[in-house]
Amino acid sequence: VTSPGGGAGTSSQSYAPIGGYAVIGDCRSAALVSTNGSIDWLCLPRFDSPSVFAAILDADRGGHFAVRPAGVAATTRRYIGDSNVLETTFTTSSGVLRLTDLMPVDSEAAKSRELWPDHEILRKVECVEGTIDVAVDFIPRFDYGRVAPAIDGRRDRIFYCEHRAGLLALSGDMPLAITGNGLAGTQQLAAGERRYLSLTYAHGMPAVEAPLGPNADRRIERSIAWWNEWASTCRYHGPYRNAVVRSALALKLLSYSPSGAIIAAPTTSLPEKIGGIRNWDYRYCWLRDASLTLRALCDLGFEVEADAFLSWLLHATHLTWPHVNMAYDIYGESHLPERELTYLSGYAGSRPVRIGNLAALQLQLDTYGELVEAAFVWLSCGGTLDRSSKGNLVELGRAVCSRWRAPDDGIWERRGGRRHHTHSKVMCWLALDRLLTLHDAGHLRVPVAQFGRERDALRAEIEARGYNEQLGSYVSVLDGNEVDASLLVLALHGYVDPRSPRMRSTCDRIRGHLGIDNLLYRYKEDDGLPPGEGAFGICGFWEVACRALQQERTTAVTQFESLLSYANDVGLFAEQIDPETGAALGNFPQGLTHVGLINAALSLEKSGQR
Amino acid sequence: MNIASILLWGFVATVALTTLMSIGHGAGLTRMSIPFLLGTILTPDRDRALVVGAAFHILNGWIFAFLYAAMLQSIGWTTWWLGAGIGLVHALFVLAAGMPLIPGFHPRMVSEYYGPAPNRRLQPPGFLALNYGSRTPAVTIAAHVIYGAIIGAFYTLAGP
């Protein structure tokens, strides 16, 4: 049940749960829409641009765009078919209201036949039953809530506001009036009546106004058709198709079409612990996600997206080549200075709000393995690589040879100093092993003797020091006695036979040490930050995939279905899950969690075929 | 105009510009490769594009050398810093006005408005070609200033 209110809530109200949001987007930017019809997060013109609406990070200062019934309403939501067009239905004592939200999309051919705005958010509101008062509240705040723009209402039913090169234009067929904050209006609709609101954005160009009425209906129909057609190419037809297709659609929304990059999440600073300081900016591309993301795309049949992503991986990261950073922006920039926006109160008081990410400067040796494995997966799927890409891969192998003996910051980006992480060593092993395999298959030429020698040295080091005989488990760091969930990946990448005694006992150790219900924490060691983060979404899915590879199918299915129950009402996952309440924690929606879901479902399918 | 001088020093200046840009590329200062951008207008084959683009680029270098020479000829004197100044204006024009136009005519480059169809084509350069790296404008300006300085320093004005 939702009640009237602005965006995420006012300072006296609680914020909407993170899992209470749904996402819409156009593969260049994305908006979060709450259950009460409020767009509380939107950055334009691209994912990592400053926000236009940020009520999710500060209900008072952030700005929002709400369309909702004026009274208390019960809410249900769904995406229409296999699309990213969101439909929210409000049921009140006087009637039923349906709100359709989308960022219109269409094919490039169709878009070339007519003038499209740079970006558009289209909101259609329709009274389905009875009569209902519809309230609109439009409070734009540029630059992460810093700038309250003046609103120009000189034209009939079109309002403009601008900041630097950015221009927002809101057109609608509802009566709106300029208030002290922005725009507001209320209109009563009877059954069958509908209204439209189109918010367009132009950057450094004149605004393009999008027509309303029947033309807007056509944009909605075409968008639904485009998404449905895209999703229909998904090759997975197993029992979890709905969850897998929704995950693919979420992953697609996180891709930046002009470059092929895929960001981790469209948000910043949604907390891993409510009220805590574990608040990070995820609007960048993490290389650690590369190979599993590519595998998910290839196995589902989205080869064009996989091709674009691999091309981005191998060429957009050129500026730091052959050394690779942990994260890049959508065009491959690795300088992502971190700043704290001290004037924002943060989601439910979770401060600081950060933009940029210092972790991008960390050394993660596993990224070399991720890149090579991504290329390996691509070639295994029948893809091809040009000569310069092959040369880049060989350079990566040389970089591994020269760097693997150094400590690194590890996959979990802990800020407490570098150590010899077992997972990182395994990924270095994987890089060299895959390059040698590609050499044997004739795809490229590598210095076989050097790569073979270093690969064998890596395995010897991992087996001697990365496995603790007393614990009966691989361990997080060489000569250590703790486990973390990244060790599950050892089996998924084929470093070790999943059914080997060493891997089985490692899985059991991880379950015993990190498990809570069917969820997994990523680690339990002190990471230098106040404790309290949730269970890590993808780790649970890794465990499912491991169990499936170990032919423990019943256990894997039970755990997988349990994990699916933590999705929100429209099938989306955040990075983490609160084990006590099941609530979503951290940035949202999180691509890596959805990649984990897809790969786990595919592993289950393969295990069922054996 | 002194055609022989244009052909000779236009070629030398183009080689210098290309070398400087390639050093910037190899050193990780920029991802912009002018031969690659030009070559992919004609072919999607990455390896072939570099060769075709290099030839196209030298031809361009000569064409621009004619323009530089025409300007120097009309001014009536020449020196290295005058050529460098023309190179600076040239670079600023390329970065600020030229680069954002490329997606409009390049058959294998997408624009900033592309999507949600997946992209397996060239990324757009963006304003000042910043999408190819934050130091791209500096490398481009330096290369064009050197290009202009060589022509300004060595081009021999045609007699009246």
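Scroll up a little and you will see the structure.
The structure contained in this document is the topic of the report that follows. Remember, predicted model here, so these are calculated numbers, not experimental data. (Residues numbered from 1 in each chain as written. Chains lettered and ligands numbered in written order. Predicted model: local features only at pLDDT ≥ 70, side-chain atom pairs only at ≥ 80, totals over all residues. Heavy atoms only, no water.)

### Focus: the sheet that holds strand S26 (residues 535–536) of chain A
The condition is simple: Strands are labelled as partners when DSSP assigns at least two bridges between them. Each helix is a run of DSSP H or I of at least 4 residues and each strand a run of E of at least 2, with the numbering of both proceeding from the N terminus.
If you walk across this open sheet you meet the three strands as S26-S27-S28 (chain A), and the pairing is antiparallel. With partners counted over all chains shown, the strands left at the sheet margins are S26 and strand S28 (584–585) of chain A, one partner each.

### A few points about the pairing of strand S12 (residues 166–172) of chain A
Residue and element names in this part refer to chain A. So the rule is basically this: Summary of the burial criterion: residues with accessible area below 20% of their type's maximum are buried, those above 50% are exposed, and those between are partly exposed, where the area comes from a 1.4 Å probe applied to protein chains only.
Counting buried positions along S12 gives seven out of seven residues, so the element sits mostly inside the fold. Alignment of strand S11 (residues 158–163) against S12, held across six bridges, turns out to be antiparallel. Across the sheet, Cys161 pairs through a bridge with Leu168, a residue of S12. Joining the antiparallel neighbours S11 and S12 is a turn of two residues, in which Arg164 adopts a positive phi near 50 degrees. With seven bridges connecting them, S12 and strand S15 (residues 194–203) associate as antiparallel partners. Its bridge partner lying in S15, Leu167 is registered against Ala202.

### Side note on the pattern of salt bridges
Residues and elements named next belong to chain A. For the record, the criterion: Whenever Lys or Arg places a side-chain nitrogen within 4 Å of a carboxyl oxygen from Asp or Glu, that contact is recorded as a salt bridge.
Counted according to the given criterion, the structure contains 48 salt bridges over all chains. As a salt-bridge pair, Asp409 and Arg418 come within 3.2 Å of each other at their nearest N and O atoms. When its relative accessible area of 9% is taken as the criterion, Asp409 is described as buried. Taking the relative accessible area as the measure of exposure, Arg418 reaches 47% and is therefore partly exposed. Linking Arg459 and Glu463 is a salt bridge whose minimum nitrogen-to-oxygen distance equals 3.9 Å. In this pair, Arg459 and Glu463 both sit in helix H10 (residues 448–465), four residues apart, roughly one turn of the helix. What makes Arg459 partly exposed here is its relative accessible area of 30%. Glu463 sits in the partly exposed class, given a relative accessible area of 21%. Where salt bridges share partners, they join Arg78, Glu87, Arg98, Lys124, Glu126, Arg194 and Asp217 into one cluster.

### Some thoughts on the interface of chain A and chain B
Spelled out, the test is: Residues are treated as being in contact if the distance between any of their heavy atoms lies within 4.5 Å. When two parts are put together, the accessible area they lose, computed with a 1.4 Å probe and summed over both, is reported as buried area. Any pair of N or O atoms that falls within 3.5 Å is considered a polar contact. Within protein, one atom must be able to donate a hydrogen and the other to accept it, and sequence-neighbouring residues count only if both atoms are side-chain atoms. Under this grouping Gly is polar, as are all residues other than the nonpolar Ala, Val, Leu, Ile, Met, Phe, Trp, Tyr, Cys and Pro and the charged Asp, Glu, Lys and Arg.
At the interface, 34 residues of chain A touch 24 residues of chain B. For the pair chain A and chain B, the two sides together bury roughly 2400 Å², of which 52% comes from carbon and sulfur. Our enumeration of links across chain A and chain B arrives at zero salt bridges. At the boundary of chain A with chain B, the tally comes to eight residue pairs in polar contact (both at pLDDT 80 or more). Of all the secondary-structure elements, those providing two or more residues to the side of chain A that touches chain B are helix H1 (108–112), helix H3 (214–232), helix H6 (303–315) and helix H8 (387–403) of chain A. In terms of residues, the side of chain A that touches chain B owes the most to one element, H6 of chain A, which gives seven residues. For the side of chain A that touches chain B, the class distribution of residues is 13 nonpolar, eight polar and 13 charged.

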